[in-house]
Amino acid sequence: MKTLKQIVLLAAVVLMASAFTNSTDNPGYDIGDVATDFKLKNIDGKMVSMANYTDAKGFIVIFTCNTCPYAVKYEDRIIELDKKYADKGYPVIAIMPNDTEIKPGDSFENMQKRAKAKGFTFPYLIDEGQEIYPQYGATKTPHVYLLEKSKQGNVVRYIGAIDDNYQDAAAVKVKYVENAVDALLAGKEVPETKTRAIGCSIKVK
Amino acid sequence: MKFLKLSLLLLCLYACKEEAGDAAQSDDLEVYDFNGLEPLLNQNDDKTYVVNFWATWCAPCIKELPYFEQLNRDYKEKNVEVLLVSLDFPRQYDKKLKPYIKDKNLQSRVVALNDPDMNTWIPKVNEDWTGAIPATIIYNSSGRKFYEKSFTYEELVNELRTFIEN
């Protein structure tokens, strides 16, 4: 009897261990989940939350940074998204998720410089405690979460890439984020809810 | 005489083929789109392949690259082959990638993947890949595993051993 108990206990331990060591296990939001609000410091020193935007219909939340070449490739297109959709109720909120000791190029000061140099029209927030990006399940920069405001909260409607060609904005065939926002604005289903792209892993100590 | 003509024809065909093959490359670098790369992710022979997706601009990739080189050295005799798939941008091939390969004297096979339609090919590499690099596949005829993470040398060896000791 004692051995049986030991075996069961051992099996439970092994099972638990394997559950926690699964390297590809990525919790985080799926389509339809309610995304958490945040209170993060913007480059102007003020704290920003989605709750501040009383008139918004939703948000284009983009985890991005200064140092990732893919993120840099998309800077102009992120500005365009904000210009096109902020007035229609879907502003861009950019969040920089990296540990700045590992990536000094993403420090708060460097975020301020980059935003100024590029003329960012949207908040560029720092995820200082690195507590927000894991809840969303972001793994890389750039990584987009399109949220739609509802009575339940901000519901995730799209997760993934901005479009289908990082190299050349002119060669883009499918604008994933624009298609998704346009669909929401028209009260339609988002045509493609999840896409993937190569990006830089989010830097953690 | 007929034989000679035939030989010459064959020789020419061979030479022409070689030339066409070279044209697809950027000097000495092998560059593929995903269709070109895919067979290298699915070789069905007696070897165990360790495929690492990396780029010269990716700091964690550069940090772990020596471990893949070491693995290629230490496990060559055990029929293990490392393939390094660079995701550097095409305009960086000459400026960054080729000098890096030369300076570090990389011994593993390096190929460059140039295919901007990432949403199409990423799930073909692995359904669970969100797209962050570094990422690694270990596979042989009896199994395949995908890792979206960084490795230490010890972790890499431990994973590899689950393949070659089966």
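Because the structure is predicted, anything quoted here is derived from the model rather than measured.

**Student:** What is the right way to read the pattern of salt bridges from this model?
**Tutor:** Oppositely charged side chains can pair when the atoms bearing their charge come close. Residues and elements named next belong to chain B. Tallying each qualifying case throughout the model produces 15 salt bridges over all chains. Between Arg 109 and Glu 30 there is a salt bridge whose closest N-O contact spans 2.7 Å. Of the two residues, Arg 109 is situated in strand β4 (residues 109–113) and Glu 30 in strand β1 (residues 30–32); the sequence distance between them amounts to 79 residues. You can call Arg 109 partly exposed: its relative accessible area is 30%. Look at Glu 30 and you get buried, because its relative accessible area is 17%.

**Student:** I'm lost on the state of the cysteines in this one. Help?
**Tutor:** Each disulfide consists of a covalent bond between the sulfur atoms of two cysteine residues. Using the criterion set out here, one finds 2 disulfides over all chains in the structure. Here A:Cys68 connects covalently by a disulfide to A:Cys200, the sulfurs 2.0 Å from one another. On the sign convention where negative is left-handed, the bridge of A:Cys68 and A:Cys200, at about 75° about the S-S bond, is right-handed. Here A:Cys68, found in the loop between β4 (58–63) and α2 (69–85), pairs with A:Cys200, found in strand β10 (residues 199–201); they are 132 residues apart in sequence, far enough to count as distant. Taking relative accessible area as the criterion, A:Cys68 reaches 1% and is therefore assigned buried. Here B:Cys58 pairs with B:Cys61 through a disulfide, and the sulfurs are 2.1 Å apart. Linking B:Cys58 and B:Cys61, the disulfide has an S-S dihedral of approximately 70° and is accordingly described as right-handed. Look at B:Cys61 and you get buried, because its relative accessible area is 0%. The closest cysteine sulfur to the non-disulfide-bonded A:Cys65 is located on A:Cys68, 5.2 Å from its own sulfur.

Conventions we followed
- Residues numbered from 1 in each chain as written.
- Chains lettered and ligands numbered in written order.
- Predicted model: local features only at pLDDT ≥ 70, side-chain atom pairs only at ≥ 80, totals over all residues.
- Heavy atoms only, no water.
- Salt bridge = Lys/Arg side-chain N within 4 Å of Asp/Glu carboxyl O.
- Helix = DSSP H or I, 4+ residues; strand = E, 2+ residues; numbered from the N terminus.
- Buried < 20%, exposed > 50% of the residue type's maximum accessible area, 1.4 Å probe, protein only.
- Disulfide = S-S within 2.5 Å.

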